Amino acid sequence: MNTDPFNTLIWFLFWLLLLLPIISPTYSYQRLKAARMKLLQIMERKYGYRFVTLIHRQEKIGMLGIPIYRFIDVDDSEAVIRAIRQTPREQPIALILHTPGGMVLAAAQIAMALKRHPSKKIVIVPHYAMSGGTLIALAADEIWMDPNAVLGPLDPQLGVEQGFYAPAPSIVKVANLKGKDASDKLLLMADVAEKAMSEVKEMIVNLVEDRLGREKAEEIADILTSGKWTHDYPITFYEARKLGLPVKDEIPEEVYQLMDLYPQAPINRPGVDYVPHPIIPHHPSPRGNTK
């Protein structure tokens, strides 16, 4: 049977164009993943740390490039704890954090596992580590932050209604203001809120007491959980230093290169453009202003 080569080519191109949108995102992700592993290996050889990443972006990794929304969950805690467990006891760990936060349970598991590692632990924050990310950072011996990076408060957030979360300190405050006029539901929520605040405070104290002492640990726990700030308040490098946290404003240049390998999905990219420079400038700390 004779087959027209032109028709065969047309059909081949048709199927190729049909499959390309499905294959391309997966192939691109695999290339990104390989580049990340290569850079992590270079960093480990250069600095001697076991580098682990906990980076939450919205990446095109689905079959059709559907963005995946990320936050700290039990899958993360399982993976990070596995990495910590597989790290030799004598090798220091560097955990690179970029996260809006997530489940207290998962963040607490990671923090406690990191705390128990017998060698030096550092957490590197190139941009932000809010909420549960801050809890994990407190487990480290040192927190390396970009001068423009931020941490966040640790006031527990409780679900009040479908899709609406309220800070535990505010729930307790409103219940106290209402007094005898408070509804049973509000009183119940206030009871849970007080327990949640107490639990997070105790967790913070356990993470930092051995380095900062009991009194300082309780002071930091009160500030971070009391509702002094809104939950998205940015605790800067300089505020973290004033609180007494072991922060350092130097980050290896390779960390910024690594962050470029965790791109946002194009549909979510902001309208920011600039001519890239091959050398990432170092921003010296205005140390005279931090005393």
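Residues numbered from 1 in each chain as written. Predicted model: local features only at pLDDT ≥ 70, side-chain atom pairs only at ≥ 80, totals over all residues. Heavy atoms only, no water.

Enquirer: What's the story with the environment of L245 in this structure? I'm lost.
Expert: Relative to the elements of secondary structure, L245 occurs in the loop between helix 8 (237-243) and strand 12 (247-248). Measuring from C-alpha to C-alpha, the distance between L245 and D141 comes to 9.4 Å, with 104 residues separating the pair along the chain. Sequence-distant contacts of L245, defined by excluding residues within four places in its chain, comprise L138, L151, I220 and A240. (Helix = DSSP H or I, 4+ residues; strand = E, 2+ residues; numbered from the N terminus. Contact = heavy atoms within 4.5 Å.)

Enquirer: Where do I start with the nonpolar core in this structure?
Expert: Generally speaking, soluble globular proteins have nonpolar side chains that are buried together. Formed by 47 residues in total, the largest nonpolar core has its most connected members in L95, I136, I204 and L224. Those residues in contact with L95 that lie beyond four places of it in its chain are V52, T53, L54, I110, L114, I122, V123, I124 and I136. L40, M43, I122 and M259 belong to the second largest nonpolar core, which has 17 residues in total. (Core = buried A, V, L, I, M, F, W, Y, C linked by side-chain atoms within 4.5 Å. Buried < 20%, exposed > 50% of the residue type's maximum accessible area, 1.4 Å probe, protein only.)

Enquirer: Explanation requested: the sheet that holds strand 6 (residues 128-129) in the structure shown.
Expert: What links the strands of a sheet is backbone hydrogen bonding, and the strands pair in either a parallel or an antiparallel sense. Within the open sheet, the 3 strands sit side by side as 6-8-11. Their pairing is mixed. Two strands lie at the open edges of the sheet, namely strand 6 and strand 11 (235-236), each paired on one side alone. (Pairing = 2+ DSSP bridges.)

Enquirer: When you look at the pairing of strand 7 (residues 142-145) in this model, what are you seeing that I'm missing?
Expert: Across a regular strand the side chains alternate sides, sitting on one face of the sheet and then on the other. As paired elements, strand 5 (residues 121-125) and strand 7 share 4 bridges and run parallel to each other. Each bridged residue has a counterpart across the sheet, and for I122 the counterpart in strand 7 is E142. With 2 bridges joining them, strand 7 and strand 12 adopt parallel strand pairing. By the bridge assignment, W144 is partnered in strand 12 with K248.

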